[in-house]
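# Analysis of the macromolecular model
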Amino acid sequence: PAPRVRGRPAMALRAAALLAALLPALVGGAGHLSLGFPQHWSASCAEKGILVWPCDLSYVQKRVMVIGAEQHDGEQAAIKFHRGCARILLVSRNSSALEHVVEHVLLAKPLAGVCPQRIKPVVATAVGDIRNKTFAWELTHVALKELGGPVSFSYNFEMI
């Protein structure tokens, strides 16, 4: 039989084995989430795994504002939030591009079993420039009226 290692070397060995086991999940993100969200958003889901806890459940009925929804990453994030049964406020400076994004978001159905019974995700829109203080205040009103309360999360893809 092999000699038993004790103390600090044994702890280092166990840590190395654990890191080697988790490395694929850390590098690849959290399955279905890593494709639509930036890598650092899915890092907290890596330890959960897609079979144990779909991270889409983290956004059920949350109120989310996506600024710059017409940007590719903004649209992909909005789709993921919609699939996670969130209430989304999509904001853009371009009304025609925003209409296109809303069509894509509504085509993506929420994942089975994510939304509670009789609950559907909400998609609201607002067109304007976030740099305009009046428009920023109006967004608060839109969120309260359309989403049912203040936003829980706000993501800016316009790089302003």
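Now for a look at the structure at hand. (Residues numbered from 1 in each chain as written. Predicted model: local features only at pLDDT ≥ 70, side-chain atom pairs only at ≥ 80, totals over all residues. Heavy atoms only, no water.)

Taken as a whole and assessed by the stated rule, the structure comprises one disulfide. Here C85 connects covalently by a disulfide to C115, the sulfurs 2.1 Å from one another. Negative torsions about the S-S bond denote left-handed disulfides, and the value of about 120° found for C85 with C115 makes this one right-handed. One end of the pair, C85, is in the loop between helix 3 (72-83) and strand 2 (87-92); the other, C115, is in the loop between helix 4 (95-107) and strand 3 (122-127), with 30 residues separating them in the sequence. (Disulfide = S-S within 2.5 Å. Helix = DSSP H or I, 4+ residues; strand = E, 2+ residues; numbered from the N terminus.)

On to the packing of aromatic side chains, then. Summed over the entire model, instances satisfying the criterion amount to two aromatic pairs. Arranged with centres 5.6 Å apart and planes meeting at 20°, the rings of F81 and Y155 form a pair that is stacked. Highlighted residues: F81 in helix 3 and Y155 in strand 4 (residues 153-156), separated in sequence by 74 residues. Judged on exposure class, the residue F81 and its partner Y155 are both buried. Measuring from centroid to centroid gives 6.4 Å for F153 and Y155, while their planes differ by 10°, and the two rings are stacked. Since its relative accessible area comes to 28%, F153 is described here as partly exposed. With a relative accessible area of 17%, Y155 lands in the buried category. Ring pairs connect the aromatic residues F81, F153 and Y155, which therefore count as one cluster. (Phe/Tyr/Trp six-rings, centres within 6.5 Å; stacked < 30°, edge-to-face > 60°. Buried < 20%, exposed > 50% of the residue type's maximum accessible area, 1.4 Å probe, protein only.)

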